[in-house]
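Structure assessment
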Amino acid sequence: MANPVSRLLRVSFLLCPLAILLLTTGCHPGGAGGPVRGIWVTRYDYKTPDDVVRIMDNCQKAGFNAVLFQVRGNGTVAYKSKIEPWAEQFNFKNPGFDPLELAIKEAHSRDMQLHAWVNVMPAWRGPGTPAIKNQLYHTHPEWFWYDKHGKRQPIHHQVGQKSRDWYVSLNPCLPEVRKYLVGVFREIVSNYDVDGLHMDYIRFPNERTIPGEKIPDYPRDKKTLELFRKATGHSPESNPKAWNKWRTQQVTALVSDVKRMMETTRPEAVLSAAVSARPHQSTNPHFQDGREWVRKGYLDKVFLMNYTSDVDTFSERIDPWLSLNSDIPIVPGLSISDKVETREGAIAAKREIEIAHKKTGNYCLFAYSSLFDSVNRQFATKNSKTSKKREVRRQIVIPAVKTVSTK
C-alpha cells in the first residue's frame, strides 16, 4: 500500500500545473491565451434584468464564448459607480439592478467570459448638453477639445429641422485626464469579477462636425500647447511631424497607464482594445498606434475593426498584424450588419468567420442587435423588415459560428 504522504505529494504535484493554469488564464473559457469567439453587445441592447438574461442566453446558444458587454458610453455608466453617473438609458438613475453584475453572473453561469466594454475618450453625445450637472461635460469643461480659436468642440450641427450629433471627447494629452480615466477603469476591475476590460474609442475623435469642413486640429488649448512646447521645444506650426508624434505618444501613455493599473489591481483579467485594422489610418488623424501597443506588450489581446464586405480585403488586413510575431492574440472583428441580406453577403460573412478562425483562432462579431431582437431604438423589434433581416443572418451566421467553434 502506498504511503499516504507520498500519495498526497503525488496528487499535489499533478494539481499544481492545473492551479497555475487557472491562475494565469482565469476560470472561464478564453483566458489570455485561449480562443475568442466573441460578440459585441452595445449599451443600447438592454434596459431590464430580463434583457440581460435573454442576451446571455442567446449568445451562449449561438456558440459564443466571450461577450463584450458595453457599460460605459460617454461619461455615464451601467454599473454602480462612485465616480460617474448612471447612463442616460436609465434616465441617469439607478435602474434597480446592476447590469454589469448581472451580466457577469449570467455569462459565467453559461461558461462564457464577460469583458466590460468601455468607450474611453467619448464624454458625451446628444443634441443637447447632459440633463444632470454631475456629468463630465459640466464638471470638467477644461478637459474637452478646443480648437486654435479657443472654441470648444461643438456638440451638434443644426441644418433646418435636422440635428446631427456626435461624441464630444476628452483630451488625453492632459495628465489629469489620463489619471481620471485610469481611476474609472480601476473602479470596474476592482469591484467586479470581469474577465477583461475592453477599450474602445481609445483614440482622437475623427467626427466631421460640420459637413464639408475640415476636422479641426485638436487640441489647441493653452495647457496642451505648453506641455508640447516643454516636451519638444516646438509649436504645432513649427514642427507638425513632432506634433503628430507627440499626440500619438499621449494616447499610448494612457494605454500603458491602464496596463500598469491592471497588473497591480486585477492581473488575471485581460486588457484588450478595439483598433483600426489599417494601421496607416490609425496614427493620423486618430493618433492610435495599435501596433506599438502590441510590440510593447501593453495589451493582452487586440481586436481589429476589420469591417469590410470584401473577403479578400478582410483577409489581407489581418496579415500585417500577424507579421508582428507577437504572443499577443489577434482577434479579427467583423461587421455582419450589412453582409447577410443576400446570398452573396451570407457567403462573405461565413467566409470571413472561417478566415479569421484559420489565421488567428479568434473572431468577434459586431454586433448583437444585428443577429437578435433588441431594445436598441435603431433596431426596433416590431419592425418586421428588420426582424426578417436578422432571421436571415441567424440562419447563416450562427451555423458558421457553431461549426468553427467545434474545430
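Refer to the structure above for everything that follows.
Residues numbered from 1 in each chain as written. Predicted model: local features only at pLDDT ≥ 70, side-chain atom pairs only at ≥ 80, totals over all residues. Heavy atoms only, no water.

1. Looking at the overall build of the protein
What the protein contains, in helices and strands, is twelve helices and twelve strands. In the protein, which comprises 407 residues, the proportion classed as buried is 53%. Excluding contacts between residues fewer than 6 apart, the proportion of contacts in the protein whose partners are at least 24 apart in sequence is 74%. Surface exposure of the protein reaches about 18900 Å², of which carbon and sulfur atoms provide 53%. (Helix = DSSP H or I, 4+ residues; strand = E, 2+ residues; numbered from the N terminus. Buried < 20%, exposed > 50% of the residue type's maximum accessible area, 1.4 Å probe, protein only. Contact = heavy atoms within 4.5 Å. Areas by Shrake-Rupley, 256 points an atom, 1.4 Å probe, with all protein chains shown as cover.)

2. A short note on the sheet that holds strand S2 (residues 66–72)
Spatial ordering of the closed barrel is given by S1-S2-S3-S8-S9-S10-S11-S12, a layout of eight strands whose pairing is parallel. Each neighbouring strand pair of the sheet contributes to a mean axis angle of 25 degrees, computed without reference to strand direction. Direction of pairing for S2 relative to strand S3 (residues 113–119): parallel, over a ladder of six bridges. Bridge pairing in S3 links Leu68 to His115. Sheet strands in contact with helix H2 (residues 49–62) are strand S1 (37–41), S2 and S3, and its direction is about 155 degrees off that of S2. Against the sheet, helix H10 (residues 311–322) touches strand S9 (270–276), strand S10 (301–305) and strand S11 (330–335), its axis set at about 160 degrees to S11. (Pairing = 2+ DSSP bridges. Axes fitted to C-alpha atoms, helices over the stretch in contact; angles between N-to-C directions.)

3. Comments concerning the pattern of salt bridges
When their charged atoms lie close together, side chains carrying opposite charge are able to pair. The full count for this structure, using the stated rule, is 22 salt bridges. Across the salt bridge formed by Arg247 and Asp217, the nearest N and O atoms sit 3.0 Å from each other. Here Asp217 lies in the loop between strand S8 (196–200) and helix H6 (222–232) and Arg247 lies in helix H7 (residues 240–265), a separation of 30 residues in the sequence. Here Arg295 ties to Glu292 by a salt bridge, and the two come within 3.4 Å at their closest N and O atoms. Within this pair, Arg295 and its partner Glu292 are both found in helix H9 (residues 290–295), separated by three residues, close to a single helical turn. Through salt bridges that share partners, Asp57, Lys61, Glu106 and Arg110 make up one connected network. (Salt bridge = Lys/Arg side-chain N within 4 Å of Asp/Glu carboxyl O.)

4. Details of the nonpolar core
Phe69, Leu100, Leu197, Met199, Ile202, Val258 and Leu365 are the most contacted members of the largest nonpolar core, which totals 106 residues. The greatest single-element share of this core, amounting to nine residues, is contributed by H7. In this structure Leu197 touches Ala116, Val118, Phe185, Ile188, Val189, Val258, Met262, Val270, Leu271 and Ser272, once residues within four positions along its chain are discounted. The next biggest cluster of nonpolar side chains, apart from the first, holds eight residues, and it includes Val36, Ala66, Val331 and Cys364. (Core = buried A, V, L, I, M, F, W, Y, C linked by side-chain atoms within 4.5 Å.)

5. A short note on the packing of aromatic side chains
Each aromatic ring pair is described using two quantities: the centre-to-centre distance and the angle formed by the ring planes. In this structure the tally under the stated criterion is 19 aromatic pairs. Note on Tyr46 and Phe90: the rings are 6.4 Å apart at their centroids and 40 degrees apart in plane angle, and the pair reads as tilted. Of this pair, Tyr46 sits in the loop between S1 and H2 while Phe90 is found in the loop between S2 and helix H3 (99–109), placing the two residues 44 residues apart along the sequence. Like Tyr46, the residue Phe90 is buried in the burial classification. Residues Tyr137 and Phe144 carry aromatic rings whose centres are separated by 5.4 Å and whose planes lie at 75 degrees to one another, so their mutual orientation is edge-to-face. (Phe/Tyr/Trp six-rings, centres within 6.5 Å; stacked < 30°, edge-to-face > 60°.)

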